Amino acid sequence: MNSAEIRASFINFFKEKEHTFIRSSSVVPIDDPTLLFTNAGMNQFKPIFLDKIKPNNLRAVNTQKCIRVSGKHNDLEEVGVDKFHHTFFEMLGNWSFGDYYKEEAIRWAWELFTEIWKLDKKRLWVTVFKDDDVAYDLWIKVTDIDPARVIRCGKKDNFWEMGETGPCGPCSEIHYFIGEDINQQDAKGVNHSDQYWELWNLVFIQNNRKSDGSLEDLPSKHVDTGAGLERIAAVMQAKTSNYDTDLFLPIIEELEKLTKIEYNRTPIPFRVIADHVRMLGFSIADGALPSNEGRGYVLRRILRRAARFGRELNLHEPFIYKLIDSLGNIMKESFPEINEKSSHIKNVLEAEEISFNRTLDRGLNHFEKIVDQLAGKTINGLDAFKLYDTYGFPLDLTQLMAKERGLEVDEDGFKISMNEQKNRARKKDQFQKDDDLLEWT
Ligand code: SER
């Protein structure tokens, strides 16, 4: 199945079980100051879980555009280095708002995976929250999973929370072993080895985390599931990398044409750029713009990372915007907004790339000088700050380049330099105000 067919098959499976299809919400959350970006399918349903609004339907199915680059869920470090974490990804989900609970969620997830999609049961593993005997027993009772493949895990892996506050609850995850030899599996690898991919998370929403850190019971119990489309596409298309699926490959091929370099020769820059163009395209389509603070600065950081990886492929002219048509084409059935807004997206990207290109090469030279003169393994805060202030290098870009050389950056020193500069600017502003006052008196 291609990715569009997988998406449709998920949605239809749950429609047949009386779920109503609900469109993805924007990646730029409306009315939720706790989030910079939509980081999970459940974000748009938070007011339902908190009993602030009543749902029109008690069962829903959707595919949500998610971005995980800040806050509690941040996958940026993994992107490109591994083959299955992304800044932007699609989360397929089925939802019960105070209707069905653990039994149906578990039974249907297993039915879809093993009977409809025919995933190999000998590669599937399930985790449950250590105290959740009900979920554990249900897996054994309502599915034909081998009991040895059901593992109890702690809060870190099996208690899902969207952020510091909000609806949350114990969860049960389905993992898939992607290794070549199915005899080489071991329960200990789940959650620890990159040979085991989490494909689907079934969250049993029953609590609310309050701002003082305490948990309260919600008035009703709900089901929130999230299945990563990119990983499922990889597994169903018999790939061991999300980048080899039809969700990424056309972008990578376009980049091969632009660079005349083969993806396999140097995969990481290709993967990072293919990932970042999706995050940038969707955020700009949904109304975000690069800027110097908050959400806008996240966009700027992602674009600058992509531009710098472009240098590794000898791209010196703006190029990210040239990949938008390919993205629009991949997404056109489910998310026509990329094609509809493509000229706006391209204009924003090109202008931003042109602006960073003015300082990027000089910044890279300056970085080389810093590394040449470095005694020890740590780039000092002032040097990192100069890269930021003079050449526009976000701290995480400098940290990434440092990491590639086995170095690190003094982050505290960077913050001190940043604060000193803010104080200087504040004082200058004050003098300016005093001068203005003198002129008026
Ligand atoms: N909220 C859960 C997650 O984001 C399941 O949808 O993983």
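Preceding this paragraph is the structure being described.
First, a word on scope: everything that follows refers to the structure included in this document. Just so it is clear, the structure is predicted and the values come from calculations on it, not from any experiment.

**Concerning the layout of surface pockets**
Counted as a void, the largest pocket has a volume near 1,200 Å³. The dominant element in the lining of the largest pocket, judged by the number of residues it contributes, is strand β10 (residues 196–209), at seven residues. Of the residues in the lining of the largest pocket, the class split is 13 nonpolar, 15 polar and 15 charged.

**Observations regarding helix α6 (residues 229–236)**
When you tally the buried positions in α6, you get eight out of eight residues, the bulk of the element. Regarding α6, the residues found buried are Leu229, Glu230, Arg231, Ile232, Ala233, Ala234, Val235 and Met236. At the exit of α6 stands Ala238, carrying a positive phi of roughly 55 degrees.

**Focus: helix α4 (residues 133–142)**
The complete set of buried residues in α4 reads Ala135, Leu138, Trp139 and Val142. The buried side chains of α4 occupy one side of the element, clustering within an arc of 105 degrees when seen end-on. Taken together, the buried residues of α4 touch α3 (102–116), β6 (124–129), β7 (150–153), β9 (166–177) and β10.

**Regarding the pairing of β7**
Looking down a regular strand, the side chains alternate between one sheet face and the other. Sheet topology places β6 next to β7; four bridges connect them, and they run parallel. Looking across to β7, one finds that Thr127 is bridged to Ile151. Read as a crossover between parallel neighbours, the route from β6 over α4 to β7 is right-handed.

**A word on the environment of Ala148**
Among the secondary structure elements, Ala148 is positioned in the loop between α4 and β7. A relative accessible area of 57% means that Ala148 is categorised as exposed. Measuring from C-alpha to C-alpha, the distance between Ala148 and Val126 comes to 9.5 Å, with 22 residues separating the pair along the chain.

**A few points about the site of the ligand**
As a matter of local geometry, the ligand sits amid Ala40, Met42, Arg68, Met91, Trp160, Asn201, Val203, Asp224, Thr225 and Gly226. Here Trp160 contributes a side-chain N or O atom positioned 3.4 Å from an oxygen atom of the ligand. The separation between an oxygen atom of the ligand and a polar side-chain atom of Asn201 is 3.2 Å. Summarising the interface, the protein chains cover 97% of the accessible area of the ligand, which totals 230 Å² for the free molecule. Put simply, the ligand lies in the largest pocket. The biggest single contributor to the shell around the ligand is strand β11 (residues 215–228), with three residues.

**Considerations on the pairing of β10**
Counting buried positions along β10 yields twelve of 14 residues, so the element is predominantly enclosed. The sheet contact formed by β9 and β10 spans ten bridges and is antiparallel. Residue pairing for β10: Glu173 is matched across the bridge by Asn201. One ladder, built from nine bridges, connects β10 with β11; its direction is antiparallel. The partner of Asn201 across the bridge, within β11, is Gly226. The antiparallel pairing of β10 with β11 creates a hairpin that spans five residues between the two strands, and Gly213 there sits at a positive phi of about 90 degrees.

So, how was this worked out
- Residues numbered from 1 in each chain as written.
- Predicted model: local features only at pLDDT ≥ 70, side-chain atom pairs only at ≥ 80, totals over all residues.
- Heavy atoms only, no water.
- 1 Å grid on protein atoms, 1.4 Å probe; cavity = no way out; pocket = protein on both sides within 12 Å on 5 of 7 lines; lining within 4 Å.
- Points joined across faces, edges and corners; volume = space filled by probe spheres on them.
- Helix = DSSP H or I, 4+ residues; strand = E, 2+ residues; numbered from the N terminus.
- Nonpolar A, V, L, I, M, F, W, Y, C, P; charged D, E, K, R; others polar.
- Buried < 20%, exposed > 50% of the residue type's maximum accessible area, 1.4 Å probe, protein only.
- Arc of directions from axis to C-beta.
- Contact = heavy atoms within 4.5 Å.
- Pairing = 2+ DSSP bridges.
- Right-handed = clockwise from strand over helix to strand, strands pointing away.
- Near = heavy atom within 4 Å.
- Polar contact = N/O pair within 3.5 Å; in protein donor to acceptor, adjacent residues only side chain to side chain.
- Areas by Shrake-Rupley, 256 points an atom, 1.4 Å probe, with all protein chains shown as cover.
- Sits in = over half its atoms within 2 Å of the grid points.

Shape descriptors only; they carry no functional weight alone.
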